[in-house]
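# Report on the structure
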Amino acid sequence: MAVSRFVERFAADLAEAGMQRMAARVFAALLVSDAGALTSAELAERLRISPAAVSGAIRYLSQVDMVVREREPGSRRDRYRLYNEVWYETLTRRDQIVARWESTMRDGAKVLGPATPAGQRITETADFFEFVQRELPKMLERWRAQQAEHRAAEAREAEAG
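Residues numbered from 1 in each chain as written. Predicted model: local features only at pLDDT ≥ 70, side-chain atom pairs only at ≥ 80, totals over all residues. Heavy atoms only, no water.

Under the annotation held in an unreviewed UniProt entry, the protein carries the name MarR family transcriptional regulator and is attributed to Streptomyces malaysiensis subsp. samsunensis.

Now the structure itself:
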């Protein structure tokens, strides 16, 4: 029961941030599963939703590169798996989108003119996207280093234990 409440709470957080509600629920259910992967039937049962709702949610999550479909060995059933390091991968892919947004904003600033209030606002937006592109790789690199350090500490504890 507590796990279901957590899934619904996190799904609500994701939906509030802009993710489709059903996709958020499916993503949260995958996130809390030990294997990080479930079949359509398992998702429908856990979330008490229709197979059609699962299908639509999976379609969305696949389009935004948060899950991958794989065939269960020896079965006809598909299994839906979170990408390894899903948040890292999601942010890395978002960098490409931010680059496109920056380019579009730069073009818009030229069209509007840098002296206009709208042109200034668009230029500031482009500057923000440029900043994010410059800083995101550094942040992700620090994350990787932190994770490597954490894994090394766990390995040392296991050896000592």
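The next point concerns helix 4 (residues 51–63). For helix 4, which comprises 13 residues, the first-to-last C-alpha distance of 18 Å matches the rise-based estimate of 18 Å (1.5 Å per residue) to within 8%. Packed against the buried residues of helix 4 are helix 2 (21–32), helix 3 (40–47), strand 2 (67–71) and strand 3 (78–82). Downstream of helix 4 by one or two residues, aspartate 65 has phi in the positive range, about 55°. (Helix = DSSP H or I, 4+ residues; strand = E, 2+ residues; numbered from the N terminus. Expected span 1.5 Å × (residues − 1). Contact = heavy atoms within 4.5 Å.)

Moving on to the packing of aromatic side chains. Throughout the structure, instances matching the rule amount to 5 aromatic pairs. Ring centres of phenylalanine 128 and phenylalanine 129 lie 5.9 Å apart, and the angle between their planes is 55°; this geometry places the pair in the tilted category. You can call phenylalanine 129 buried: its relative accessible area is 13%. What links up through ring pairs into an aromatic cluster is the set Phe6, Phe10, Phe27 and Trp87. Between the NZ or CZ atom of arginine 144 and the centre of the ring of tyrosine 88, over which it lies, the distance is 3.9 Å. (Phe/Tyr/Trp six-rings, centres within 6.5 Å; stacked < 30°, edge-to-face > 60°. Buried < 20%, exposed > 50% of the residue type's maximum accessible area, 1.4 Å probe, protein only. Lys NZ or Arg CZ within 6 Å of the ring centre and 35° of its normal.)

Judged by pairing direction, the sheet is antiparallel, and its 3 strands sit side by side in the order 1-3-2 without closing on themselves. The sheet is open, and its two edges are formed by strand 1 (37–39) and strand 2, each paired on a single side. The average angle at which neighbouring strand axes cross in this sheet is 30°, direction not considered. In the sheet, strand 1 pairs with strand 3 via 3 bridges, with the strands oriented antiparallel. The residue of strand 3 that forms the bridge with leucine 38 is tyrosine 80. The strands touched by helix 2 within the sheet are strand 1, strand 2 and strand 3, with strand 3 carrying the most contacts at an inclination of about 80°. (Pairing = 2+ DSSP bridges. Axes fitted to C-alpha atoms, helices over the stretch in contact; angles between N-to-C directions.)

Turning our attention to the nonpolar core. Counting residues in hydrophobic clusters, the biggest one holds 28 residues, and the most contacted among them are Met19, Val26, Phe27, Leu43 and Leu61. If you list the elements that add at least two residues to this core, you get helix 1 (2–16), helix 2, helix 3, helix 4 and strand 3. The element contributing the most residues to this core is helix 2, with 7 residues. When near neighbours in sequence (up to four residues on either side) are disregarded, valine 26 contacts Leu43, Leu47, Ile49, Ala57, Ile58 and Leu61. (Core = buried A, V, L, I, M, F, W, Y, C linked by side-chain atoms within 4.5 Å.)

This part takes up the UniProt feature "domain: HTH marR-type" (unreviewed entry) in the protein. Per the UniProt entry, the sites bearing "domain: HTH marR-type" (unreviewed entry) are residues 18–77 in this numbering. With 55% helix and 13% strand, the stretch residues 18–77 has end C-alpha atoms that lie 30 Å from each other. (UniProt positions renumbered as here; feature names shortened; annotations may be inferred.)

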